[in-house]
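# Chain and residue survey
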Amino acid sequence: MTTNHTNHRTNSSGPPLIQCRRLTKTYKKGDNTITPLQELDLDVPTGDFLALMGPSGSGKTTLLNLIAGIDRPSGGNLIIGGTDISTLSRSKLADWRSVNVGYVFQLYNLVPVLTAYENVELPLLLHSMSAKDRHEKVQTAMQLVGIADRHDHYPRQLSGGQEQRVAIARAIVTDPTIIVGDEPTGDLDQESAQAIMDLMVQLCEDLGKTLIIVTHDAKSAAYAKRTLHLEKGRLIEAAVLAARRAPLVPQEA
Amino acid sequence: MRLLPFAYAVRNLGRSPSRLFLSVAGAAMVVLLILVAGGFVNGMSRALRATGGEHNVILMGAGSEESVERSEIEAGVPGVLAASVAGVRTRAGVAYVSPEVHVMLPVRVGAAARTTTQSSGEQAAAAQGSNTASMSKPKGRQVMMRGVTPTAALVHESVSLTEGRWPVSGADEVLVGRMAATVLGVAEIDVQVGKAVMIDGRPWEVVGRFSAPGTVVEAEVWLPLADLMTATKRETISCVVLTLDPYNEETGEGADFGDIAAFTKTRPDLELVPMTEREYYGKLANFFGPIKIVAWVTAGLIAVGGLFGGLNTMYAAFASRIRELGTLQSIGYRRLAIVWSMIQESTLATAAGGLIACAVGVFMLDGLAVRFSMGAFGLMIDETVIGLGLLTGLALGVVGALPPAIRCLKPTIPVALKAV
């Protein structure tokens, strides 16, 4: 059973960092209209670590992409840090992303022709700052994720775990408000996945970032402060989920 | 708008050496073709333009203005002109009046000449024998022969003897131009001083060589006027070339073209038509206009073909990294910044090709002799042609990158991020 307009709003005193109101996403596929996200309401406070789970096609990546500003809603409002990003033009949205969002991908998505250092530096080139400041920020980010000794390595010369660390450094280097991760441990072995999740939690706590990840992995989701489940574009009540998970008890005659 | 680092565009070139090679080589071929077409048109125009002397007037037979070869003038006319026309340049008592015969004749040199000589000897020895040898003798190449007197050296200022001496009348001697070997399709060594060329079935000795830089005259063979008239069995000359002293208002000396035109009108019995030498060669240049257009159209069509090839190559290059393009957008780079980087990448490749082509053009093609019906000229790859070639290279880069870049950036970011 799913709920419409489920209230996942927090009770914190200040306004939440992310406010989704009747957030809807539809797109055309041939003659059919697909609705991966349907009138979703959600509040995410600053400093939250939210894990989005659900089966394939449930809309969790769509929600993540909308929050990251790389996709645009078809209906409803998405207010982040007081800005309704659903009303921003394409170029304004790109500028907004460069300031407010760091994205960590499942397959790292590093630029293969740039070194680890240059990959981390890439988002900073969108900001006005001196080369010295830029260098310091890149150094700090790379030290935070533990790859300061891999400056001149190209992605092909790094392990999967190291590549993901570079990707995380790239995501945090601009000091964004929100860090989003789409299956950030999906391509890693268990040990590396655990290390990456430890790192992300630590960064989230130390730097006060709001972290939202999409995952299929319950172990990764267990790191989150909150886990939200989606199904057919809607959030599922925790109680409903618990009922589904409860073992069936045979009734006595 | 913030741009992607230039290093990104440069290093992307190295991702696929084979694609890079195709882009550079394709651009080089197209630019080279543009250089050849430009050099051809330039060279032909300059050769025809430069051939006419600034103060020279050419007098031809009435009704033969289109071609000096068809023109006929009485042999005594040059004497009349020298005596009657005021303002003709004179030095040390010699008037700058050059009677000339212009005629295209087949000329054989080297192996072809030896074969003919040998076969003639065999025929004589065999006396009435088989004429198989003479039937198989190779045909010579048509060369512009100019029968001249020594005053020709005065009238045609661009001509200078570079080797040997002036031919003596009655001794079957000729002068050959610097580009005569090209027209004849033989090596330079075959027309060196001392060698023989076969004209009208008999050998003529090369006694000198001349140059006339940048003009079609360089492709001609000059020989004494009387000898050529005898060889061609003609009693008339083709034209008279005069050099005028520019009219000086203060002294009232000299003459201009109008004076010559007035003279020919007062002497209709001579049946002469005057034309400045520049006008004559200018008309010839117009005659070759369609050839120039064909050269440009051909180059243009091949450039368009090259452009389509470039589009294909660049699309393959960009399409292989659609996910990366999505990532750059997710970081915050605008599409225009990414398109600009792609244009940089493509333009770097085509500019490299253009530079290679220009180097080949300047060091290997510039001055390369090309035959045409008037003789020969050198490809003239000057700054304008080089500039055009480089611009073509750059345009290939920009135009070749835009459609593939726009197409590869068309998917939304989420779709691009899912690309394989």
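Residues numbered from 1 in each chain as written. Chains lettered and ligands numbered in written order. Predicted model: local features only at pLDDT ≥ 70, side-chain atom pairs only at ≥ 80, totals over all residues. Heavy atoms only, no water.

## Quick word on the sheet that holds strand β2 (residues 32-44) of chain A
Cut-off, in case you're wondering: For two strands to be treated as a pair, DSSP must find at least two bridges joining them. In this text, helices come from DSSP runs of H or I with a minimum length of four residues, and strands from runs of E with a minimum of two, each type numbered from the N-terminal end.
An order of β2-β1-β4-β5 (chain A) is seen for the 4 strands of this open sheet, with the pairing classed as antiparallel. Of all strands in the sheet, those with a lone pairing partner are β2 and β5 (83-84) of chain A, marking the two edges.

## Looking at the interface of chain A and chain B
Rules: Whether two residues touch is decided by their heavy atoms; if any such pair falls within 4.5 Å, the residues are in contact. The quantity reported as buried area is the accessible area (1.4 Å probe) lost by two parts once they are put together, taken as the sum for both. One speaks of a salt bridge when a side-chain nitrogen belonging to Lys or Arg is within 4 Å of a carboxyl oxygen belonging to Asp or Glu.
In this complex, chain A contributes 26 residues to the contact, which on the side of chain B involves 21 residues. When chain A packs against chain B, the two sides together hide about 2,200 Å² of surface, and 59% of this comes from carbon and sulfur. Three residues, Ile70(A), Val113(A) and Leu126(A), lead the burial of chain A against chain B; their summed loss comes to 25% of the area buried on that side. Taken together, chain A and chain B are joined by 2 salt bridges. Glu118(A) is the partner of Arg11(B) in a salt bridge, and the nearest nitrogen-oxygen pair spans 2.5 Å.

## Topic: the side chain of Arg234(B)
Residue and element names in this part refer to chain B. Note the threshold: When accessible area is computed with a 1.4 Å probe and restricted to protein chains, residues below 20% of their type maximum are described as buried, those above 50% as exposed, and intermediate ones as partly exposed. Under this rule, positive means Lys or Arg and negative means Asp or Glu; His and the chain ends count for nothing. Polar contacts, as used here, are pairs of N or O atoms within 3.5 Å; protein pairs need one atom able to donate a hydrogen and one able to accept it. Residues neighboring in sequence count only if both atoms are side-chain atoms.
By secondary structure assignment, the location of Arg 234 is in the loop between α8 (225-231) and β11 (239-243). Summary of buried charges: Arg 234 has no salt-bridge partner, and the nearest side chain of opposite charge, Glu 72, is 4.6 Å away. At 3.4 Å, the side chain of Arg 234 forms a polar contact with the backbone oxygen of Ser 71. In this structure Arg 234 touches Glu 69, Ser 71, Glu 72, Val 101, His 102 and Met 229, once residues within four positions along its chain are discounted.

## Re the pairing of strand β8 (residues 196-199) of chain B
Residue and element names in this part refer to chain B. The sheet contact formed by strand β4 (residues 97-108) and β8 spans 2 bridges and is antiparallel. Among the inter-strand pairings, Arg 108 is bridged to a residue of β8, identified as Met 198. Pairing of β8 with strand β9 (residues 202-211), which is carried by 4 bridges, proceeds in the antiparallel orientation. The partner of Met 198 across the bridge, within β9, is Pro 203. The hairpin turn running from β8 into β9, its antiparallel successor, is 2 residues long, and Asp 200 in that turn takes a positive phi close to 55 degrees.

## A short note on the sheet that holds strand β3 (residues 49-53) of chain A
All names here are of chain A. We count it as follows: Note on method: axes are straight lines fitted to C-alpha atoms, helices fitted across the in-contact stretch only, with angles between N-to-C directions ranging 0 to 180 degrees.
Judged by pairing direction, the sheet is mixed, and its 6 strands sit side by side in the order β6-β7-β8-β3-β9-β10 without closing on themselves. Since the sheet does not close on itself, it has two edges, and those belong to β6 (101-104) and β10 (234-236), each with one partner. Neighbour-to-neighbour, the strand axes of this sheet turn through a mean angle of 25 degrees, independent of strand direction. Two elements, β3 and strand β8 (residues 210-214), share 4 bridges in a ladder whose sense is parallel. Directly across from Ala 51, in β8, lies its bridge partner Ile 213.

## Some points on the domain arrangement of chain B
All names here are of chain B. What counts, and what does not: An automatic or database domain assignment is the source of the domain bounds shown.
If you check the domain split of chain B, you get domain 1 (6-49 + 288-418) and domain 2 (63-270). For domain 1 versus domain 2, the distance between C-alpha centres works out to 46 Å. Each side of the interface is counted separately: domain 1 has 14 residues, and domain 2 has 9 residues. Between domain 1 and domain 2, a total of about 930 Å² is buried, with carbon and sulfur atoms accounting for 65% of that surface.

## Here's the deal with a negative patch on the surface
Residues and elements named next belong to chain B. We apply this condition: Only residues above 30% relative accessible area that lack a salt bridge enter a patch, with like-charged residues linked at up to 9 Å and the nonpolar side chains Val, Leu, Ile, Met, Phe, Trp and Tyr linked at up to 5 Å. Each accessible area is a Shrake-Rupley result for a 1.4 Å probe, and residues are judged covered by the shown protein chains and nothing else. To locate a charge, take NZ of a lysine, CZ of an arginine, CG of an aspartate or CD of a glutamate.
A contiguous patch of negative charge, built from Glu 72, Glu 74, Glu 235 and Glu 271, is present on the exposed surface. Locating Glu 72 in the fold gives a position in the loop between β1 (56-61) and α3 (77-84). A residue is classified by how much of its surface remains accessible, and Glu 72, at 53% relative accessible area, is exposed.

## Overview of the confidence of the model for chain A
All names here are of chain A. For the record, the criterion: Values of pLDDT, ranging from 0 to 100, describe the predictor's confidence in every residue of the model.
The predicted model of chain A averages 89 in pLDDT, with 88% of residues at 70 or higher. For chain A, the element scoring lowest by mean pLDDT is helix α8 (residues 238-245), at 63; helix α3 (residues 116-121) scores highest, at 97. Counting contacts from residues 1-7, a segment whose pLDDT is below 50, to residues more than four positions away or on other chains yields 18 contacts.

## Brief notes about helix α9 (residues 257-266) of chain B
All names here are of chain B. Rules: The arc in question is the one spanned by the directions pointing from the helix axis to the C-beta atoms.
Residues of α9 that are buried: Ile 260, Ala 261, Phe 263 and Thr 264. Buried residues of α9, seen end-on, are gathered within an arc of 160 degrees and therefore sit on one face of the element. Turned more than 90 degrees away from the buried face of α9, the exposed residues are Lys 265 and Thr 266. Check the buried side of α9 and you find it contacts β1, α3, β11 and β12 (272-276).

## Thoughts on the packing of aromatic side chains
Residue and element names in this part refer to chain B. The following threshold applies: We call Phe, Tyr and Trp rings a pair once their centres come within 6.5 Å, taking the six-membered ring for Trp, and we label the pair stacked below 30 degrees between planes, edge-to-face above 60, and tilted otherwise.
Throughout the structure, instances matching the rule amount to 6 aromatic pairs over all chains. Look at Trp 166 and Trp 222: their rings are 6.3 Å apart centre to centre, the planes differ by 80 degrees, and that puts the pair in the edge-to-face class. You can see Trp 166 sitting in the loop between β6 (160-164) and β7 (173-177) and its partner Trp 222 sitting in strand β10 (residues 221-224), a full 56 residues away along the chain. Classification of Trp 222 by relative accessible area gives buried; the value is 0%.

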